[in-house]
Amino acid sequence: MEDEGPECGKPDFVLLDQVTMEDFMENLKLRFEKGHIYTYIGEVLVSVNPYQELPLYGPEAIARYQGRELYERPPHLYAVANAAYRAMKRRSRDTCIVISGESGAGKTEASRHIMQYIAAVTNPSQRAEVERVKDVLLKSTCVLEAFGNARTNRNHNSSRFGKYMDINFDFKGDPVGGHIHSYLLEKSRVLKQHVGERNFHAFYQVLRGCEDKELQELHLQRNPALYNFTRQGAGLSVLDSDEKSHHQAVTEAMRVIGFSPEEVASVHRILASILHLGNIKFVELEEGSLEQRGLAVTDEVLVDHVAELTATPREMVLRCLLARTVASGGRELIEKGHTAAEASYARDACAKVLWRWGGNLEAFPEETRPEAVRGSWLLASSQAVYQRLFEWVVDRINRVMEPRDRDPRRDGKDTVIGVLDIYGFEVFPVNSFEQFCINYCNEKLQQLFIQLILKQEQEEYEREGIAWQSVEYFNNATIVDLVERPHRGILAVLDEACGSAGPITDRIFLQTLDTHHRHHPHYTSRQLCPTDKTMEFGRDFRIKHYAGDVMYSVEGFIDKNRDSLFQDFKRLLYNSTDPTLRAMWPDGQQDITEVTKRPLTAGTLFKNSMVALVENLASKEPFYIRCIKPNEDKLAAKLDEGHCRHQVAYLGLLENVRVRRAGFASRQPYSRFLLRYKMTCEYTWPNHLLGSDRAAVSALLEQHGLQGDVAFGHSKLFIRSPRTLVTLEQSRACLIPIIVLLLQKAWRGTLARRHFRRLRAVYTIMRWFRRHKVRAHLAEMQRRFQAARQPPLYGRDLVWPLPPAVLQPFQDICQALFCRWRARQLVKNIPPSDMAQIKAKVAAMAALQELRQDWGCRRAWARDYLSSATDNPTASGLFAQRLKTLREKDGFGAVLFSSHVRKVTGLSVTSGRDQLVVLHARGYDDLVVCLHRSRPPLDNRVGELVGVLAAHCQGEGRALEVRVSDCIPLTQRGARRLVSVEPKSEQPEPDFRCSRGTFTLLWPDC
Ligand SMILES: Nc1ncnc2c1ncn2[C@@H]1O[C@H](COP(=O)(O)OP(=O)(O)OP(=O)(O)O)[C@@H](O)[C@H]1O
Ligand SMILES: [Mg+2]
């Protein structure tokens, strides 16, 4: 182990040369003096309370222990927390950390450090939900301590309830939730505390920590001495400023956990109303006989306060304080006033519960001043209100910590670490029912320790045939039996006494105990041992606990065990308009006639919860922290040897060392051992071919050279030292990455193959579907185009079906082919005489590129209009004659186009409905003309002219550039000019106008 030299003693008691009490104490003392408060016994940690802050904790220390094995670093709480955490992660097993020791030994502090360690080493990926859970886990301690801890003579922050906290982890080892079980709150502390002790911290925190305004609203004054419930502890308070900062810390913690501001205010109101209830006193009314005398409340303003703070009607509160409703035979209800006689009965029967406070009774004349008493029913109600408040706080925290959205099928099963911090064994000058329960609880836990660590271990060695030297130890089973045995055990006798009708007193209960346990070695009373003057007749009995003798006073046992409360009171609080208070009293809903079944007694409930707790712990892998209190004076650096020796003895630590030294650190069935370590040996990986698992384990250990440190049982392997286990773990850890890679490879291959198969299936489906679509499409085409050959339309109106995407190019080609075919069919029927005209029209269409809408396509094109007598009635003869002369002279073949034109400076062509045409001639002036005097007038011949010229040029293999524009540029005598068209309604004939070098064709717009 690091950091510790031999001068600090042995870090593990197992390493002592001799296992004697002297050697044990010497080592414990030496280590304590050197500031080493922790020492191992194997995996059990012995911790001595240092009563001073030591530099052993914090993030740096946590980092040193994180991920380490138990023996690698000096003994520490962190090492045990880490071992429990790793065991849980490695083996997916639930583990628990049981912290035991007497009151003030440091259990709660230890549990706090464990929680801090777990919080620090988890959630590396900073998941928000995990952070939330961790926050609640850490903050819950602060809140629970405020409501459940109090100053006692043995410990200034003593846990007055038992706490077992489960922390749920996901498969990655991050905390995802938790649950707190609380056990038997010492609620009688609300009413009375021993000299030198205080009530629960929460009361003082509210009195000293609340702002003035809030205190006023609660009708409280700052001084705890003014309230009966807090008077005893008033002088023992810690500094006011500390109390205030604690109050702030608790309120902040409640906020973080998720208590709403209204809930926190309700909690304060409930605490205040308990304090007011504590100050209420009764006086006997004068009328009636002593037996029937009724009671009155002395200070009714307190009733007002209670009614206001609990949000209940004042009259109801008063009625509950003075009377109760009882169900008489049948379903009839009668109201019965609490009588002075009952008060006196209570005073006699349980002096501790009914006190005299010498109240403020100035209102009464001196001679008639009655004695003020406090009804036992009122005290029972006050402590019950506090208990319900505490249970509600625990429940509220649990609701917040509950693992959310966990699905075992998706997330895997949660694993759990349980941390048990329960009240320690305690002995007070007067011990009552609460101490009896607390000490019984410690007996149960000691029994569990014996079962798990001492007994089971030895029994197992025997069962497995391992050579073993038996170790003697004290088994406290007999004391547990004395308490919980059915019919005759102390709890059973107490239950019987509670169930008996009539005023059975605690004294009769004691007599029954004496009869039943006359010969029990661990039970005695004054009756059985008259010479023992420390006990009083008819009041005390003594149990020899494993941790020492404790004398119990039976006074109040029956009342506390019965723990009854009037239904009126439950109903009163259930009907409160404060939802928080109402939620604490669900049983107030029941009708009084329904409440006939006797509820389980406090003792039986506690016994049942202990049995369940022990069963729960036994089902988990346990880690033990045994706390030792070094002195009774809470002094630092003082180790009272006698006191410690006593604790070492009763905790059975020496026996623990002996069993440990003789025993083995670990045992595992052969099959499980192989499953975990088989990859470290060639004979066992992946599966062995040897005769048995045992032979395979033997081969594995021989390969590692570890056979000397083990023993072979019938079904299990026993490993002597943790070092062997660690060696195996380390070689396993080296191989795990390779195996993980192998698994990843195989799994990725599987995933890829699966993906590929799916893809292939998808493609096959797609292929067949496409094929189907193509076929369907072709069939549809065939059907539709049946009639395409029919003249004269040749399928012009046929609608092409929408093709599948794959057939789109094919369809485009088909459409083109179809067009050509149809054209061919149409052209075939055109007479040869029309061919020239058709060609000209086609050429015009191509040349005009659809830029000109109206180009005379539907008209028959005559070409030579000047020769036509219709177009040119006056000069057609002359034109024909001139043409003849020209043909003879120039020898041209045919007139392509002739028309009347108006020439300005040359020839040109236009767009629109007008007949403007500009003829461009390269190197010459452009010719601008407007076709003119056609018959019918303004006949559209531009298209024809373009067509004829274009077709002609096409025929000659020349390109004819045709431009369509509403503003045509042209050249005349080297100058650039523009010509445009201006439609004019009153224009009789087309005409040109020239203005500043720009020509405008004035076109008759009709
Ligand atoms: N590791 C520690 N370092 C410093 N002080 C400690 C340590 N452990 C305990 N103490 C001191 O001892 C006091 C009592 O410890 P703690 O409350 O944990 O006792 P406990 O065993 O829970 O007692 P109880 O059974 O009464 O609840 C603490 O308030 C603290 O002052
Ligand atoms: Mg404690």
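Residues numbered from 1 in each chain as written. Chains lettered and ligands numbered in written order. Predicted model: local features only at pLDDT ≥ 70, side-chain atom pairs only at ≥ 80, totals over all residues. Heavy atoms only, no water.

**Student:** How should the coordination of the magnesium ion (ligand 2) be read in this particular structure?
**Tutor:** Metal coordination angles in their ideal form are 109.5 degrees for the four-donor tetrahedron and 90 or 180 degrees for the six-donor octahedron. For the magnesium ion (ligand 2), the protein coordination sphere consists of Thr108 (OG1) and Ser159 (OG), at 1.9 to 2.1 Å. Residue Thr108 is found in helix H4 (residues 107-121), and its partner Ser159 is found in strand E5 (residues 158-159); the two are separated by 51 residues along the sequence. This pair shows no difference in class: Thr108 is buried, exactly as Ser159 is. (Donors = N, O, S within 2.8 Å, 3.2 Å for Na, K, Ca; no water. Helix = DSSP H or I, 4+ residues; strand = E, 2+ residues; numbered from the N terminus. Buried < 20%, exposed > 50% of the residue type's maximum accessible area, 1.4 Å probe, protein only.)

**Student:** What exactly am I supposed to notice about a nonpolar patch on the surface here?
**Tutor:** Judged by side-chain polarity, Leu759, Val762, Tyr763 and Met766 come together as a nonpolar surface patch covering roughly 350 Å² of accessible area. Structurally, Leu759 can be placed in helix H28 (residues 722-784). Taking relative accessible area as the criterion, Leu759 reaches 37% and is therefore assigned partly exposed. (Patch = residues over 30% accessible without salt bridge, like charges linked within 9 Å, V, L, I, M, F, W, Y side chains within 5 Å. Areas by Shrake-Rupley, 256 points an atom, 1.4 Å probe, with all protein chains shown as cover. Salt bridge = Lys/Arg side-chain N within 4 Å of Asp/Glu carboxyl O.)

**Student:** Please clarify how the sheet that holds strand E15 (residues 548-553) should be interpreted in this entry.
**Tutor:** To summarise the sheet geometry, strands pair through backbone hydrogen bonds and adopt either a parallel or an antiparallel arrangement. One open sheet accounts for 3 strands, arranged E13-E14-E15; its pairing is antiparallel. Two strands bound the open sheet, and with one partner strand each, they are strand E13 (523-525) and E15. Neighbour to neighbour, the strand axes of the sheet diverge by 25° on average, direction disregarded. Note that strand E14 (residues 540-545) and E15 share 6 bridges and pair antiparallel. Bridge pairing in E15 links Phe541 to Tyr552. Contacting E13 and E14, helix H19 (residues 506-516) crosses the sheet at an angle of about 130° to E13. (Pairing = 2+ DSSP bridges. Axes fitted to C-alpha atoms, helices over the stretch in contact; angles between N-to-C directions. Contact = heavy atoms within 4.5 Å.)

**Student:** How should I be thinking about the sheet that holds strand E19 (residues 716-719) in this particular structure?
**Tutor:** Spatial ordering of the open sheet is given by E17-E19-E18, a layout of 3 strands whose pairing is antiparallel. Each edge of the open sheet is held by one strand with a lone partner, namely strand E17 (666-669) and strand E18 (710-712). The sheet shows a mean angle of 20° between the axes of neighbouring strands, taken without regard to direction. The sheet strands contacting helix H26 (residues 670-677) are E17, E18 and E19, and the helix crosses E17 at an angle near 95°. Here helix H27 (residues 693-704) sits on the sheet in contact with E18 and E19, set at roughly 165° to E18.

**Student:** Quick question: what am I supposed to make of the nonpolar core here?
**Tutor:** Most often, soluble globular proteins keep nonpolar side chains buried together rather than apart. Counting 180 residues, the largest nonpolar core has Phe147, Ile280, Tyr386, Ile397, Phe509, Phe541 and Trp585 as its most contacted members. With residues near it in sequence (within four places) discarded, Trp585 still touches Ala384, Val385, Arg388, Leu565, Phe569, Lys570, Leu573 and Tyr574. Among the nonpolar cores identified, the runner-up in size contains 19 residues, and Ala843, Leu848, Trp855 and Trp861 belong to it. (Core = buried A, V, L, I, M, F, W, Y, C linked by side-chain atoms within 4.5 Å.)

**Student:** Whenever I open this one, the side chain of Gln915 confuses me. Can you help?
**Tutor:** With respect to the secondary-structure elements, Gln915 resides in the loop between strand E21 (908-909) and strand E22 (916-919). For Gln915, the side chain forms a polar contact with the main-chain nitrogen of Arg941, separated by 2.7 Å. Ignoring anything within four residues of it in the chain, the contact list for Gln915 reads Arg852, Thr910, Val929, Cys930, Leu931, Asp939, Asn940, Arg941, Val942 and Trp1003. (Polar contact = N/O pair within 3.5 Å; in protein donor to acceptor, adjacent residues only side chain to side chain.)

**Student:** In this structure, what is going on with the environment of Ser140? I would like to understand it.
**Tutor:** Here Ser140 shows up in helix H5 (residues 128-148). The class of Ser140 is buried, set by a relative accessible area of 0%. Separated by 40 residues in the primary sequence, Ser140 and Ile180 place their C-alpha atoms 9.4 Å from one another. Not counting residues within four places of it along the chain, the set of residues in contact with Ser140 comprises Met165, Ile180, Ile257 and Ile397.

**Student:** Looking at this structure, I do not really get helix H18 (residues 490-499). What am I missing?
**Tutor:** Given 3.6 residues to a turn, an α-helix orients residues that are three or four positions apart in the same direction. Listing the buried residues of H18 in full gives Ile490, Leu491, Val493, Leu494, Ala497 and Cys498. Each buried residue of H18 lies within a common arc of 160° when the element is viewed along its axis, so the set occupies one face. (Arc of directions from axis to C-beta.)

**Student:** In this structure, what is going on with the pattern of salt bridges? I would like to understand it.
**Tutor:** If the charged atoms of two oppositely charged side chains come close together, the side chains can form a pair. One pass over the structure, following the stated rule, counts 44 salt bridges. Between Lys172 and Asp170 there is a salt bridge; the shortest N-O distance is 4.0 Å. In this structure Lys172 comes out as partly exposed when scored by relative accessible area, which is 37%. Exposure remark for Asp170: the relative accessible area of 4% places this residue in the buried category. Among the charged side chains, a salt-bridge network with shared partners connects Glu22, Lys29, Glu641 and Arg645.

**Student:** What exactly am I supposed to notice about the confidence of the model for the protein chain here?
**Tutor:** Should the pLDDT be low somewhere, the predicted coordinates at that spot are not to be read in detail. For the protein chain, the average pLDDT comes to 84, and 90% of its residues sit at 70 or higher. Looking across the protein chain, the model is least confident in helix H13 (residues 340-349), with a mean pLDDT of 43, and most confident in strand E2 (residues 44-48), with 95. The low-confidence segment residues 343-372 (pLDDT under 50) makes 49 contacts with residues lying over four places distant or belonging to another chain. Below a pLDDT of 50 lies the segment residues 902-907, which in the model reaches 28 contacts outside its immediate sequence neighbourhood of four places, other chains included. (pLDDT = per-residue confidence, 0-100.)

**Student:** When you look at unusual backbone geometry in this model, what are you seeing that I'm missing?
**Tutor:** Generally, phi is negative for residues other than glycine and the peptide bonds are trans, each holding for most cases. Along the chain, Trp685 connects to Pro686 via a cis peptide bond; the corresponding omega equals -5°. The residue Pro686 is located in the loop between H26 and H27 in this model. Here the bond from Pro791 into Pro792 is cis, since omega is 5°, no more than 30 degrees from zero. Of note, Pro792 is situated in the loop between H28 and helix H29 (808-828). The phi angle at Leu184 is positive, at roughly 25°, despite the residue not being glycine. Relative to the elements of secondary structure, Leu184 occurs in the loop between strand E7 (175-183) and helix H6 (201-209). Here the phi dihedral of Lys634 falls at roughly 60°; this positive angle occurs in a residue that is not glycine. Checked against the element boundaries, Lys634 lands in the loop between strand E16 (621-628) and helix H24 (641-650). For Lys634, a relative accessible area of 23% gives the class partly exposed.

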